[in-house]
Amino acid sequence: MRRVTAAEPITVEELRRLVPGRFRDFIKAVVDLRRGILVIDADMHADQEAELLADGSDQRDLWGINLYPQLDGPDWLEFDSMINLRPSFGNRSRGIDDQATREAVAMLVESLVRR
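These figures come from a predicted structure and were not determined experimentally.

Reading the values: rules and limits
- Residues numbered from 1 in each chain as written.
- Predicted model: local features only at pLDDT ≥ 70, side-chain atom pairs only at ≥ 80, totals over all residues.
- Heavy atoms only, no water.
- Helix = DSSP H or I, 4+ residues; strand = E, 2+ residues; numbered from the N terminus.
- Buried < 20%, exposed > 50% of the residue type's maximum accessible area, 1.4 Å probe, protein only.
- Contact = heavy atoms within 4.5 Å.
- Areas by Shrake-Rupley, 256 points an atom, 1.4 Å probe, with all protein chains shown as cover.
- Lys, Arg positive; Asp, Glu negative; His and termini not counted.
- Charge placed at Lys NZ, Arg CZ, Asp CG, Glu CD.
- Pairing = 2+ DSSP bridges.
- Axes fitted to C-alpha atoms, helices over the stretch in contact; angles between N-to-C directions.
- Phe/Tyr/Trp six-rings, centres within 6.5 Å; stacked < 30°, edge-to-face > 60°.
- Lys NZ or Arg CZ within 6 Å of the ring centre and 35° of its normal.
- Salt bridge = Lys/Arg side-chain N within 4 Å of Asp/Glu carboxyl O.

### Considering the overall build of the protein chain
Move 1: The secondary structure content of the protein chain amounts to 3 helices and 7 strands.
Move 2: In the protein chain, the order of α-helices and β-strands from amino to carboxyl end is β-β-α-β-β-α-β-β-α-β.
Move 3: In terms of its C-alpha atoms, the protein chain occupies a principal-axis envelope of roughly 35 × 30 × 25 Å.
Move 4: Scored against the burial criterion, the 115 residues of the protein chain give a buried share of 42%.
Move 5: Sequence-distant contacts, at least 24 apart, represent 53% of the contacts inside the protein chain between residues at least 6 apart.
Move 6: Accessible area for the protein chain stands at about 6100 Å²; split by element, carbon and sulfur atoms hold 51% of it.
Move 7: Taken together, the 16 basic and 21 acidic charged side chains of the protein chain have centroids lying 1 Å from each other.

Written out as structure tokens, the structure reads:
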């Protein structure tokens, strides 16, 4: 797993090099919206989530996504993960139901991934 922050961003080219390692065309990632952290490159979103929780993140701030670095435009970011399924927090799907939260996740990813 790799932690990506404003102090240690990642390039889209680096993401492309990670793709063949685990999955055929995407990379799993979890964002912490409050702390501005992106954790990438693990077999399961739950592993990334556990790492962030152990480091002091709050469950409400964590969202699972998939990155498709070979794609351009909005299709390169997919809001789909089992960790997002949290009815007690108002999210009743594997996606991110709240538009403002989706936009915040997209903005954070765009700020941490150099294209």
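### Remarks on the sheet that holds strand β3 (residues 27–32)
Move 1: If you trace the 5 strands from one edge of the open sheet to the other, you get β1-β4-β3-β5-β6, paired in antiparallel fashion. Pairing within the sheet leaves two strands with one partner each, and these edge strands are β1 (2–4) and β6 (77–78).
Move 2: Where helix α2 (residues 45–54) meets the sheet, its contacts fall on β1, β3, β4 (37–40) and β5 (62–67), and the angle it forms with β3 comes to roughly 30°.

### Regarding the environment of tyrosine 68
Move 1: Locating tyrosine 68 in the fold gives a position in the loop between β5 and β6.
Move 2: Given the relative accessible area of 15%, tyrosine 68 is considered buried.
Move 3: The sequence separation of tyrosine 68 and arginine 16 amounts to 52 residues, and the corresponding C-alpha distance is 8.3 Å.
Move 4: Apart from residues no more than four positions distant in its own chain, tyrosine 68 is found in contact with Asp25, Phe26, Asp75, Trp76 and Glu78.

### Considering the packing of aromatic side chains
Move 1: Under the criterion given, the structure shown has 1 aromatic pair.
Move 2: Considering the side-chain rings of phenylalanine 26 and tyrosine 68, the 5.5 Å spacing of their centres and the 35° angle between planes classify their relative orientation as tilted. Of the two residues, phenylalanine 26 sits in the loop between α1 (12–22) and β3 while tyrosine 68 sits in the loop between β5 and β6, which places them 42 residues apart along the sequence.
Move 3: The side chain of arginine 86 reaches across the aromatic face of tryptophan 63, ending 4.2 Å from its centre.
Move 4: In this structure, arginine 115 is placed above the aromatic ring of tryptophan 76, and the distance from its NZ or CZ to the ring centre is 4.2 Å.

### Examining the side chain of lysine 28
Move 1: Tracing the chain through its elements places lysine 28 in strand β3.
Move 2: Within the buried set, lysine 28 has no salt-bridge partner at all; the shortest N-O distance to an opposite charge, 7.7 Å, is to aspartate 43.

### Details of the pattern of salt bridges
Move 1: Counted by the stated rule, this structure contains 8 salt bridges.
Move 2: A salt bridge links arginine 2 to glutamate 14; the nearest nitrogen and oxygen atoms lie 3.3 Å apart. On the criterion of sequence distance, the pair formed by arginine 2 in strand β1 and glutamate 14 in helix α1 is long-range, its members being 12 residues apart.
Move 3: Owing to a relative accessible area of 29%, arginine 2 belongs among the partly exposed residues under this scheme.
Move 4: Several salt bridges share partner residues, and in doing so they unite Arg3, Arg35, Glu51 and Asp55 into one network.

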